[in-house]
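Letter by letter, the chains look like this.
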Amino acid sequence: SRGFDGDILALESEDHYVRVHGARQSELILLRLRDAIQEMDGRPGAQTHRSWWVARDAVAGVIANGRNREIRLVNGMKVPVARDSVFRLEQAGFLPASQSAA
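Residues numbered from 1 in each chain as written. Predicted model: local features only at pLDDT ≥ 70, side-chain atom pairs only at ≥ 80, totals over all residues. Heavy atoms only, no water.

Visitor: Explain the pairing of strand 2 (residues 17-22) residue by residue, including any values.
Guide: The two faces of the sheet receive side chains in turn, since in a regular strand these alternate between them. Strand direction decides the pairing type here: strand 1 (residues 8-14) and strand 2, joined by 6 bridges, are antiparallel. Paired with S13 across the two strands is V18, which belongs to strand 2. Where strand 1 folds back on strand 2, the antiparallel hairpin that results is connected by 2 residues, among which D15 adopts a positive phi of roughly 55°. Across 5 bridges, the pairing between strand 2 and strand 3 (residues 26-30) is antiparallel. In the sheet register, V18 faces strand 3, and the bridge partner there is I29. Taken together, strand 2 and the strand that follows it, strand 3, pair antiparallel across an intervening segment of 3 residues. (Pairing = 2+ DSSP bridges. Helix = DSSP H or I, 4+ residues; strand = E, 2+ residues; numbered from the N terminus.)

Shown next as structure tokens:
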């Protein structure tokens, strides 16, 4: 919306809505996640989970706990990474290789 201030860091699916996360705020809009991702106009990012998309420049770090991974965003939020997406995201350079994730 016009009132949303700053860059979009992540998109989170909530039923038939998408929560748009920014550095200081979030907003809920009626839109499918797939359509919201298309509206990012080619901004570098990746779908990390079936219900999450993350902008590449929003990643502050990766938290590894055994086989599980979470992405820590620059605003402090933690975003899940689907186990079956880890390899794809590592190959794309979105996540560091498993042995170096911390």
